[in-house]
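# Structure at a glance
Okay, here's what each chain looks like letter by letter:
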Amino acid sequence: MSTIASYKTSLLDAALSGGALRFGSFTLKSGRQSPYFFNAGSFFTGALHVPFVDAFASTITSSSAIHGQFDVLFGPAYKGIPLAAAVFYALAKQHPEVYTEVGYTFDRKEAKDHGEGGVMVGAPLQGKRVLVIDDVVSSGTAKREAIEKITAAGGKVVGIVVAVDRQETLPDAADRSSAIGQLKKEYGIPILAIVNLEDILTGMKGKIADADIVRLEEYRATYGASD
Ligand code: OMP
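Residues numbered from 1 in each chain as written. Predicted model: local features only at pLDDT ≥ 70, side-chain atom pairs only at ≥ 80, totals over all residues. Heavy atoms only, no water.

In the nomenclature of an unreviewed UniProt entry, the chain is known as Orotate phosphoribosyltransferase of Microdochium bolleyi. Of the comments in the UniProt record for the chain, the one headed Pathway (unreviewed entry) reads "Pyrimidine metabolism; UMP biosynthesis via de novo pathway; UMP from orotate: step 1/2." The UniProt entry for the chain carries this comment under Subunit (unreviewed entry): "Homodimer." (UniProt positions renumbered as here; feature names shortened; annotations may be inferred.)

So this is what it looks like as structure tokens:
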């Protein structure tokens, strides 16, 4: 029987109990009809937020390719914004020697035309190494948009960390390579996820209805990536 790391189980249990991980029928941004949905906006109590933020901080600090290798933590609007602020605080508190001079930034969905103006809020990105932190990767479109915005602002994306890798193929893919695999290949950067679809399947067995597990397996057979 396959097992998963305890911090992943804690996150999945918190997500299930708090309603952040739901099973049923959901339309995704890509238009796909999914039997599950992960909503990062549901981690809104202390009991849910703390393990969520801690799991991000542990994922970052346990990767030598990412820990201490960036100047700015970037959270794309909207769900990446509170994540970047909270994870940045956790990192600066746990490792002040590494993160005191690191900044954090987020974008606006619509440019502000008064006051300081612009689409970016926080640390300037010009010439900086940027780590993107966000909720989910499905087809990878949202992360591509974030990379474009950061690049346009003069920053260089050096990695991406998300809560969930849905391990899906690209919508127009000729093969079964994953959205994350494509992004890694295209940008040559590390991309980490706290949990992926396989972890969800393993972690949810016995905790959700068997019929939901079957639907997850069917979805994986249709849209699941092979890498
Ligand atoms: P892609 O741009 O297709 O990678 O989709 C990622 C975005 O879809 C996330 O940033 C969310 O806005 C949304 N999403 C979720 O939040 N949770 C899911 O389980 C699935 C999606 C989705 O629409 O694919």
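Still more to cover.
Let us now look at the overall build of the chain. Helix and strand counts for the chain stand at 8 helices and 8 strands. At 17 Å, the chain has a C-alpha radius of gyration in line with the 17 Å of a compact globule built from 227 residues. Along the first, second and third principal axes, the C-alpha set of the chain runs to 50 × 40 × 35 Å. Counting over 227 residues, the chain shows a buried share of 47%. Considering only intrachain contacts with a sequence separation of at least 6, the fraction spanning at least 24 residues in the chain is 72%. In the structure as shown, the chain presents an accessible area of about 10900 Å², 53% of it carried by carbon and sulfur atoms. (Helix = DSSP H or I, 4+ residues; strand = E, 2+ residues; numbered from the N terminus. Rg over C-alpha atoms; globule rule 2.2 N^0.38 Å. Buried < 20%, exposed > 50% of the residue type's maximum accessible area, 1.4 Å probe, protein only. Contact = heavy atoms within 4.5 Å. Areas by Shrake-Rupley, 256 points an atom, 1.4 Å probe, with all protein chains shown as cover.)

With that out of the way, let us pick up helix α7 (residues 197-204). The element α7 is extensively covered by neighbouring structure, given that 6 of its 8 residues are classed as buried. Taken as a whole, α7 has its buried residues at L197, D199, I200, L201, G203 and M204. In this structure, the buried side of α7 is in contact with α1 (6-18), β1 (21-27), β2 (33-38), β7 (156-165), β8 (191-196) and α8 (210-223).

Glancing now at the pattern of salt bridges. Taken as a whole and assessed by the stated rule, the structure comprises 10 salt bridges. For D13, the salt bridge goes to K207, with nearest N and O atoms at 2.9 Å. Remark: K207 occurs in the loop between α7 and α8 and D13 occurs in helix α1; sequence separation between them is 194 residues. Via salt bridges that share partners, R32, R166 and E168 belong to a single interconnected network. (Salt bridge = Lys/Arg side-chain N within 4 Å of Asp/Glu carboxyl O.)

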